[in-house]
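In case you want the letters, here they are:
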Amino acid sequence: MIVPVLVVNRTLEKALSNGADFAEIFIEDSYSGKLSVLSSQPKVVTVARLHGAGIRVHYGTEEIYVTTSDLTEKGLLDAAERAASAISRAEAKLKKIDLSEEPVQNYDAFQIYGKMPWEIDHAEKLRYLLSLDKQARMKNSQVTQVEPMILEKVQRIQVANSQGIHKTDQRTNYRIFLDVQAQDAGKTETFAVNRFSTKNSQFYQELDPTALVDEAVNGVNTLLQADYSPAGEMPVIIDNGFGGVIFHEACGHGLETTSVAPKASVFTGKLGERVGESCLTAIDDGTVDGGWGSLSIDDEGNTTQKTVLIENGILKSYMVDQLGAKKTGYSITGSGRRQSYKFAPTSRMRNTFIAPGTDKLENMISDLDYGIYAKTMGGGSVSPGTGEFNFSVKEAYLVENGKTVKPVKGATLIGKGIETLGRITKVADNLKLSAGTCGSVSGMIPAAVGQPAILVSKILVGGRV
Amino acid sequence: MKSLEETFDHLRQVATNHQAQVEVSVQQRESLSLSFQLQKLKKYGSDRTQLATVRVLCGGSLGQSTTEDLSESALQQCFEDALAAAKLLDQRDLNNSLSVGLQAPPKIDQLYTGDFKKIEISEKMKLAQELESLALGYNQKISNVPHSGYSEFFSEYTLFSANGEKVTYVSSGASAYTMALAKSGDVSKDGYKSVFRRDPRQINVNKLVTESCELALKMLDAKPLETGKYPILVMNEAAADLVSVLVSHLSAKAVDEKNSLLKDKLGEKIAPNFFEVIDDPFRADLMGCRPFDAEGTGSQRTVLIAGGKPQCFLTNRYYSKKMSIPNTGHAVLSSGEISVSPTNLIVSPQTNTREELLVKYPRVLFLTDIGAIGSGLNQRTGDFSLPASGFLYSRGEAPKAVDQFVISGNLLELFQQLEGLSNKVNDDGNSVQCPDLLFKEISVAGLC
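Given the structure is predicted, the values throughout are model-derived calculations rather than measurements. (Residues numbered from 1 in each chain as written. Chains lettered and ligands numbered in written order. Predicted model: local features only at pLDDT ≥ 70, side-chain atom pairs only at ≥ 80, totals over all residues. Heavy atoms only, no water.)

1. So, the interface of chain B and chain A
A common way to state how big an interface is: give the accessible area lost once the parts meet.
Move 1: Tallying the contact residues gives 64 residues for chain B and 70 residues for chain A.
Move 2: Roughly 5,400 Å² of surface becomes buried between chain B and chain A when both sides are summed, with 49% attributable to carbon and sulfur atoms.
Move 3: The largest share of the area that chain B buries against chain A comes from E68, L88 and R380 of chain B, three residues that together contribute 12% of it.
Move 4: The interface formed by chain B and chain A includes eight salt bridges.
Move 5: Between R380 of chain B and D179 of chain A there is a salt bridge; the shortest N-O distance is 3.2 Å. (Contact = heavy atoms within 4.5 Å. Buried area = accessible area lost by both parts, 1.4 Å probe. Salt bridge = Lys/Arg side-chain N within 4 Å of Asp/Glu carboxyl O.)

Here it is, written out as C-alpha cells:
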C-alpha cells in the first residue's frame, strides 16, 4: 500500500464534497530503468522514479481529473479540493467513505517476481548488451552500428473509489531492443528487433541472444538486398504476430467506447451486424497468461476479462471502461487503462488478436498470382471517426505465380477499417501474439497484437512508381 | 523540512565526499485542460507536477537520474542512482562536464504572460465549449466533433549548478484544437486544426473552427487519385513536419551516433539557394522559445541552412567538446536524459503566392495533410512512404479533393527537388514556421 487507507478515505470524501456522484484515486510509485550501448560502449544508464496520484470525480458523465506529485496527506487533500471545487454541479453534501483497512492485492495472479530490476547488477546487464553488440558485428562485417537497449519498469499502483474498490497491483515490464545498421555498396539499412516480458527477471536468463542477433542481422541483410515495393492496389498476405497491428489500427481503436460513446467511430451502432467475413473472429483478452497486455486488474481496479469483439464476422462487443459504461449502458469489460497517474483512464486494448482459422500460410502464398507477402509489420495509426488507417511494413516480399521472388522495402498499407475487414478472405492456423506500445488519449501503454497469417484480397500498397 | 536550495547544498557536499560534482534541474508545471463533447463537459483536467533531474560527474563520466518526489530522501536516492550510473559509464570520456559560471538569462518579453491565470474559469469553459458548438453549428454535414479542447500551462525551470549558482525562467502558454467530422452517406472525413498562443485571448476560435470544418467538408468529395508522378505543393503546416525531420539530421548527437543523413553535408548543396532555415529561440510567439537550454547555456540565434547549404550542427556541452565545434545551446531534457534538439525553426518565405505556385505546372497536387511521419519515414535512410490527402489542381479545371493515396521518395532527394516557397507561413504557433513548399516531382500510389 502506497498511501494509508485513512488518507485515501479522507481524500475521496474531500473529492466528493461538492456533490459529485463518483470519486476515484489512482496512486502510483514507479521505477523505470534504461541501459543502452552504442558504438560498442555503454551509452546510457538512467533511473527514473514516477510518483504521484490522479484524482477523478464524476458528475454524471462529466469528468474532472486532477493530478499531483505530492503524495503527502496535505498534497492529496489539496488535489482533492481542486477536483471538488473545479465546477459546481450539485449541492454540497457529506459522504462518508470507509474502505477496507487492507486493499486487495492482485499481483500474484499473473506475475511471480524474481529479483527486482534494481536488485540485478547494472554492470551485468551492460555486459549482456555489449555481448549482443559484439555478436552482431562478428556475424556480418557490413554491420556499421549496433544499439542494444534494455528498458525495465516496475509500476506499483493503488486504486480506490467511492464504490468500495480498494486494490493494489504491481506490474513489471522488461524489454530488450536490438537495432542493427549495415551498409553495402553505398546503401544503408537498419533493422530493429525486440523481446518483451511481463514476468520476472528470469526473462534475462531465458533470452536467446543468438536468435535475437540472427533475427536483427538477417533482417538488415534482407533490406540491403531489397528493391522498392511496387505501388497500387493488390492482394497482401500479412503474416502472424505483429501483423495483428492491422486489426488493432483498422478496427480495434474504433471498438473502444472512447470513440463509440460520442458516436465518433465507424462501428457505433453496429452491434449484432456483420462487419467481416465469417472466417473472422477477433478477441481482446486481458487474461492471456504472460501476455504483454495482460493485467490482474485494469487501471480502474476492475478485474480484466476476455472480450470477444467479433465472432464469425458479427460485431459482438465493444471495449468498455467505467465512464464508457455510464455513457453507453454497456457492461464494463475491465478495459480502463492509462500510461500513468498523469492520465485519466479510457477504454483501451490489452491483447487483441484475430482467432486462428484453418488455412495454411504456405497455401496462401502458393495460391497467389501477384501480391505482397508482408512478413513483419511496423507501426501505424488510425482515425476512428473515418476508419482510415495506415501502417508501414518492415519486411516484405513480392509474390509472383505462387512464389516469393524478392524482398521489397518502403511499403505502407492504407485503407479503411470496415472495408478492409470485409476483404480478409483467408485466415491461417498459425496464431501468434507480439508485443507493442499503443498510444492514445490515455497515453502509451503496453498492448499485444496478434493474428494468424491473413489474406487481404485488396489493399493499397504505397511503394515507388 | 529543508528547502530545495538547502537540499541541493547538502547534495553538493555529499558529491564532494565521493570525489564527484552534482547539478540539479527542477521543472515545475501547472496545467489546465478543458474539453466538451455533445455539449457536456467531457473533461476538466488540472495537473501539478514536478520533476528533478540529478546529474553527477564522477571521473570522466556523467550519470543521470530523475524523480518526481522532491523530498530530501528522494533526492538523495536520486543522487545515489546517478552516481552509480556514472561509475558504470566510460570513465575515460573527458567530454562530459557540468555547468559552471551560469549567466542571468536574458528577459524575453511575452514568454510568460501569467496574468491570464486571472481570467475567470467560466470564460475558459466558454472558449472550450465554443470549439465544439461552433463546429457543430457550422454546417449540418458536421456530424460530430470527436476531439476539441482548450489547455494552458505555467512552467518554471530551475538549474542549480555544480558551483552553487541558480538560474530560472518561467513560461506560459495556451492552446486550442478542434477535429470536426463531416459525414455524407457512408462517407466520413475529418479536419483537424490546432493553435498555440502565449495568451488565450489571442486564440481566434472562429478561425480555428472554420478551418477544421472546411477541411472536413471539402474532403467529403474526395476522389481516388491516379497512380503516377506529380509536382506537389505541400501546405505550410504539413511542410513544417518535413522541415522538422530534415533539421533533426543536423543534431550533433545524431551525427555522433551515425544516425544523420547530413553528417557529411556541411557546406554542401542539399536544396536550392533560396532555402534558408534559422533556429530562433527568442521568438516568444512560437512554442519552442527559451532563454537558456537544459544545461544552462544561453540561447542564441543559429543559421542552420543558408543558400541551400547546412551551416552547422546543433550542439550541447558534450557534443560541442567531443566534436570541437561551438556550443549552440540546444540541450533538452527528454525522458530524464539530455538530448539535442532545435528550439523554433524559421524557414524564410519567398514572394510567390500560393495561387501562383499552384499553376506553375499543368497539374499540381496540393497536399494539406501528410500522415504517419513517425512510422512511414525511415530516419536512417530518409526513405518514406506516407499517406496523404489534398487537392489536385489541373489548369482550366476546378480543384478536386483527393485522398487515399501514398507519397513515396527519399527525404534528401525530395529537398533537392525543391522548386519554390510561397509567401504564406503557418500561423499556428508551432515551433516550426514554414511557407508552402513546391517540389518538382514525387511518386504517388493511388487507387486508380
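2. What about the sheet that holds strand β10 (residues 309-310) of chain B?
Residues and elements named next belong to chain B.
Move 1: The strand order β10-β9-β8-β13-β18 describes an open sheet built from five strands, whose pairing is mixed. The sheet is open, and its two borders are formed by β10 and β18 (432-433), each paired with just one other strand.
Move 2: Note that strand β8 (residues 277-279) and strand β9 (residues 302-306) share three bridges and pair antiparallel. When the sheet's bridge partners are listed, V277 is paired in β9 with I305. (Pairing = 2+ DSSP bridges. Helix = DSSP H or I, 4+ residues; strand = E, 2+ residues; numbered from the N terminus.)

3. Overview of the environment of I246 of chain A
All names here are of chain A.
Move 1: Following the sequence through the fold, I246 ends up in helix α6 (residues 245-250).
Move 2: A sequence separation of 168 residues divides I246 from I414, and the C-alpha atoms of the two residues are 9.7 Å apart.
Move 3: Other than its neighbours up to four places away in sequence, I246 contacts I238, C251, F389, F391, T420, Q451, I454, V456 and I459.

4. Regarding the environment of G293 of chain A
Residue and element names in this part refer to chain A.
Move 1: Following the sequence through the fold, G293 ends up in the loop between β10 (282-285) and β11 (306-311).
Move 2: G293 sits 38 residues away from L255 along the chain, and the two C-alpha atoms are 17 Å apart.
Move 3: Not counting the four nearest positions on each side in its chain, G293 is found in contact with G286, R337, R350, N351, P446, A447 and A448.

5. Focus on the domain arrangement of chain B
All names here are of chain B.
Move 1: Looking at chain B, the domain boundaries give domain 1 (4-217), domain 2 (222-241 + 350-445) and domain 3 (243-347).
Move 2: Summarising the inter-unit geometry, the C-alpha centres of domain 1 and domain 2 are found 31 Å apart.
Move 3: Facing eight residues of domain 1, the contacting portion of domain 2 comprises seven residues.
Move 4: Of the roughly 580 Å² buried between domain 1 and domain 2, counting both surfaces, carbon and sulfur atoms make up 37%.
Move 5: For the interface between domain 1 and domain 2, the tally reads three salt bridges.
Move 6: A salt bridge links D427 to R197, with the nearest nitrogen and oxygen atoms 3.2 Å apart.
Move 7: Linking domain 1 with domain 2 are four residue pairs in polar contact (both at pLDDT 80 or more).
Move 8: Of all the secondary structure elements, the ones that give two or more residues to the side of domain 1 that touches domain 2 are β6 (187-197) and α4 (205-219). (Domains from an automatic or database assignment. Polar contact = N/O pair within 3.5 Å; in protein donor to acceptor, adjacent residues only side chain to side chain.)

6. Observations regarding the packing of helix α3 (residues 121-136) of chain B against α4 of chain B
All names here are of chain B.
Move 1: Where α3 meets α4, the axes come as close as 9 Å, and the angle between the chain directions of the two elements is 35°. At the point where α3 passes α4, the crossing takes the right-handed sense. Of the residues in α4, those in contact with L127, E130, L131, L134 and A135 of α3 are V205, N206, L208, V209 and C213.
Move 2: For the contact of α3 with α4, the class distribution of residues is eight nonpolar, one polar and one charged. (Axes fitted to C-alpha atoms, helices over the stretch in contact; angles between N-to-C directions. Left-handed = near helix turned anticlockwise from the far one by under 90°. Nonpolar A, V, L, I, M, F, W, Y, C, P; charged D, E, K, R; others polar.)

7. Regarding the side chain of D383 of chain B
Move 1: Along the chain, the position of D383 of chain B falls in strand β15 (residues 383-394).
Move 2: Not counting residues within four places of it along the chain, the set of residues in contact with D383 of chain B comprises Y228, K409 and R464 of chain A together with G376, L377, N378, G409 and N410 of chain B.

8. A word on the side chain of E189 of chain A
Move 1: Here E189 of chain A is to be found in strand β7 (residues 187-197).
Move 2: Exposure remark for E189 of chain A: the relative accessible area of 3% places this residue in the buried category.
Move 3: For E189 of chain A, the side chain forms a polar contact with the side chain of K409 of chain A, separated by 2.7 Å.
Move 4: In this structure, E189 of chain A is in contact with V180, Q181, A182, V220, L223, L224 and K409 of chain A together with N378 and T381 of chain B, ignoring residues within four places of it in sequence. (Buried < 20%, exposed > 50% of the residue type's maximum accessible area, 1.4 Å probe, protein only.)

9. Remarks on helix α1 (residues 4-17) of chain B
Residue and element names in this part refer to chain B.
Move 1: Taking 1.5 Å as the rise per residue, α1 with 14 residues should run 20 Å; its terminal C-alpha atoms sit 20 Å apart, in good agreement.
Move 2: Three or more residues of α1 are buried, namely T7, F8, L11, V14 and A15. Looking down the long axis of α1, one finds its buried residues gathered within 115° of arc, a one-sided arrangement.
Move 3: One or two residues past the end of α1 sits Q19, with phi positive at roughly 55°. (Expected span 1.5 Å × (residues − 1). Arc of directions from axis to C-beta.)

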